[in-house]
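# Residue-level structure breakdown
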Amino acid sequence: MPEAIALIDANNFYASCERVFDARLHGKPVIVLSNNDGNIIARSQEAKALGLPMGAPFFKVREIIERHGVEVFSSNYALYGDLSSRMMDILSDFSPEVECYSIDEAFMSLIDSSRQPLDKIGRAIRARVKKHIGIPVTVGIAETKTLAKVAAYHAKRSEKTKGVLDLTRSPYQELALARTPVEEVWGIGPQYSALLTSHGILSALDLRNVPDDWARTQLTVVGLRTVHELRGIQCLPLDLSPSTRKTVTVSRSFGSTVETLKELRAAVAFYVTRAGEKLRRDRLAAGSLTVFIETNRFSSERQYNGAKTFQLSPMTDLTPELIVVALRGLETIFREGYKYKRAGVTLDNLAPAETLTKRLWDNEAYERMRELMKVVDEINAVFGRDTVRFGYFERDGKWRTRFGKRSPRYTTRWEEILRVGSTLSAPI
DNA sequence: TCTGGGGTCCTAGGACCC
DNA sequence: TCTGGGGTCCTAGGACCC
């Protein structure tokens, strides 16, 4: 067990990434949106100060955005992913044990020594990431991951810390816990926090002092682990070799609702294609496939959710086979007369692809198909996505995510966003 | 009036995370 | 008019077995 765990947390990561290449954005409110102009998924500090809530539907906050000249971007995951991996590279200079927890966060072990106090290491990390990547990070240091999260929470909010807070053996640890609202504790979501609040457990300190039995029955073993972690007992070790994924899901809300089976087929084939690519990239094959379609849950229209799961026997990683199954499922769940807003595909029961090299029937055809699939992937890698594609796949349709109408280069002004948006919906 | 017991596997649903 | 997407883990309950 490491002596201490540091959490390195990029501040407002997506918004900060946009700033890396556009110095003009510094000091300005910046937000990043999800697909279809849906929701706010990242905000700069200035945008938070304007009261723009995380996850807020864009259309509900347009007025504020316009009034304050907020800079609006659509997500550029390629950019964020690239900056993220560069950041992780730098972190590995400071510790042999780095867990890349998410695109903008990492846990790492730190060794305490008189020569290098922990907070000094934290400052060095912060300075180097800022200098080399241009992203500001917060560093929280403590005995466990959950406590490191608490440390980072305060490091982010207190000017005095200058972005680094070491709570190991700190006389302030208890004070920090007392000043952490229970809903801010890692692992405590909206449901648990409502439950805890109703029992008078309001802070991380209150939660730390809850009896084990009570935590176990009310919050399951997961919550009990959180309580122990708050006491400084490591229950969540660093995960240095991320295990292979267990599911692959590809789903999107449609740009506009669709009502026909034909359009849903095109959408589903598109999502299956993406799912197949993920599967083969990770050298996995799927043992089951679920296809689902949904109406718009925010609308007052009649609602319908349909889903169908098939076991895949034999397992497969071939897009054409997955498409056939998914479309068969789609036929069984499709109902006439609904306005569909979303569809998706989940691949489950994944196993390494090399375990399914031989098939009992038609093995030769299967082998040829795998070869073909490999070539298709290679061609698409070189010449661009969907250069080669399979039946039912159509590039366009009402269902396609309205995407890129705000490319980072062109949508830094509200007036521009409006114009581009109206151009898209105008009958040209 | 009585209605085994314990183990395992699977699935759906609920909680959480970013 | 416009409300994201992709994951993990745990539990309860049913099916099935001996």
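Residues numbered from 1 in each chain as written. Chains lettered and ligands numbered in written order. Predicted model: local features only at pLDDT ≥ 70, side-chain atom pairs only at ≥ 80, totals over all residues. Heavy atoms only, no water.

Our next topic: the pattern of salt bridges. Tallied over the full model, the rule gives 23 salt bridges. For the salt bridge of Arg 231 with Asp 212, the shortest nitrogen-to-oxygen distance reads 2.8 Å. Taken as a pair, Arg 231 in the loop between helix H10 (212-230) and strand S9 (248-258) and Asp 212 in helix H10 lie far apart in primary sequence, 19 residues in all. Judged by its relative accessible area of 31%, Asp 212 is partly exposed. Glu 294 serves as the salt-bridge partner of Arg 342, at 3.3 Å between the closest nitrogen and oxygen. (Salt bridge = Lys/Arg side-chain N within 4 Å of Asp/Glu carboxyl O. Helix = DSSP H or I, 4+ residues; strand = E, 2+ residues; numbered from the N terminus. Buried < 20%, exposed > 50% of the residue type's maximum accessible area, 1.4 Å probe, protein only.)

Attention shifts here to the protein's contact with DNA strand C. Near DNA strand C, the surroundings consist of 26 residues, among which Arg 245, Thr 249, Ser 251, Arg 252 and Ser 253 are the closest. A share of 73% of the atoms of DNA strand C within 4 Å of the protein falls on sugar and phosphate groups. A distance of 2.4 Å is found between a phosphate oxygen of DNA strand C and a side-chain nitrogen or oxygen belonging to Arg 245. With respect to DNA strand C, the backbone of Ser 251 contributes an N or O atom lying 2.5 Å from a phosphate oxygen. Those elements that provide at least two residues to the surface near DNA strand C are H10, S9 and strand S12 (340-348). Looking at the surface near DNA strand C element by element, the count peaks at six residues for S9. For the surface near DNA strand C, the per-class residue count stands at seven nonpolar, nine polar and ten charged. (Near = heavy atom within 4 Å. Polar contact = N/O pair within 3.5 Å; in protein donor to acceptor, adjacent residues only side chain to side chain. Nonpolar A, V, L, I, M, F, W, Y, C, P; charged D, E, K, R; others polar.)

Another point: the environment of Glu 46. Checked against the element boundaries, Glu 46 lands in helix H2 (residues 45-49). Residues Glu 46 and Val 30, 16 residues apart in the sequence, show an inter-C-alpha distance of 7.3 Å.

A few words now on the sheet that holds strand S5 (residues 98-102). Read across the open sheet, the five strands follow the order S5-S6-S1-S7-S8; overall the sheet is mixed. Strands with a single pairing partner mark the edges of an open sheet, and in this sheet they are S5 and strand S8 (164-166). Mean inter-strand twist for the sheet, computed between neighbouring axes without regard to direction, equals 15°. Looking at chain direction, strand S1 (residues 4-10) and strand S7 (residues 137-142) are connected through six bridges and run antiparallel. Looking across to S7, one finds that Ala 10 is bridged to Val 137. Sitting on the sheet, helix H6 (residues 145-157) is in contact with S1, S5, strand S6 (105-110), S7 and S8, with an inclination near 135° to S7. (Pairing = 2+ DSSP bridges. Axes fitted to C-alpha atoms, helices over the stretch in contact; angles between N-to-C directions. Contact = heavy atoms within 4.5 Å.)

Moving on, we come to unusual backbone geometry. Look at the link from Ser 313 to Pro 314: it is a cis peptide, with omega at 0°. Within the secondary structure, Pro 314 is located in strand S11 (residues 305-316). Of note in the backbone geometry, Arg 283 takes a positive phi value of approximately 55° without being a glycine. In this structure, Arg 283 sits in the loop between helix H11 (261-281) and strand S10 (284-295). With relative accessibility at 61%, the residue Arg 283 sits in the exposed group.

The final tally for this structure, using the stated rule, is 14 aromatic pairs. Ring plane angle 80° and centroid distance 6.0 Å describe the contact between Tyr 77 and Tyr 80, whose orientation is recorded as edge-to-face. Of the two residues, Tyr 77 and Tyr 80 both sit in helix H4 (residues 77-91), three residues apart, roughly one turn of that helix. Joined through ring pairs, the aromatic side chains of Phe 13, Tyr 14, Tyr 77 and Tyr 80 make up one cluster. (Phe/Tyr/Trp six-rings, centres within 6.5 Å; stacked < 30°, edge-to-face > 60°.)

In this section: helix H5 (residues 118-132). Between its first and last C-alpha atoms H5 spans 21 Å; for 15 residues at 1.5 Å apiece the expected length is 21 Å, and the two agree. Among the residues of H5, those classed as buried are Leu 118, Ile 121, Gly 122, Ile 125 and Val 129. Down the axis of H5, the smallest arc covering the buried residues is 105°, so these residues share one side. (Expected span 1.5 Å × (residues − 1). Arc of directions from axis to C-beta.)

Close to DNA strand B lie 13 residues; Ser 102, Asp 104, Lys 149, Gly 187 and Tyr 192 are nearest. Atoms of DNA strand B within 4 Å of the protein belong to the sugar or the phosphate in 100% of instances, the rest to bases. Here a phosphate oxygen of DNA strand B and a backbone polar atom of Gly 187 are 2.8 Å apart. Separating a phosphate oxygen of DNA strand B from a backbone N or O atom of Tyr 192 is a distance of 2.8 Å. Within the surface near DNA strand B, the residues separate by chemical class into six nonpolar, four polar and three charged.

The next subject is the confidence of the model for chain A. Summing up the model confidence of chain A, the mean pLDDT is 90 and the portion of residues at 70 or higher is 93%. Low pLDDT, under 50, characterises residues 407-428; the predicted model gives this stretch 26 contacts beyond four residues in sequence or across chains. (pLDDT = per-residue confidence, 0-100.)

It is worth spelling out the nonpolar core at this point. Membership of the largest hydrophobic core comes to 45 residues, with the highest contact counts inside it found for Phe 254, Val 268, Tyr 271, Leu 289, Tyr 340 and Leu 347. The set of elements that each furnish at least two residues to this core consists of S9, H11, S10, S11, helix H12 (319-333), S12 and helix H13 (363-383). Ranked by the residues each element gives to this core, the list is headed by H11, at eleven residues. When residues no more than four places from it in sequence are discounted, the contact partners of Leu 347 are Lys 246, Thr 247, Val 248, Ala 275, Leu 279, Ala 286, Ser 288, Leu 289 and Leu 322. Listed in part, the 35 residues of the second largest apolar core include Tyr 14, Leu 83, Leu 110 and Ile 135. (Core = buried A, V, L, I, M, F, W, Y, C linked by side-chain atoms within 4.5 Å.)

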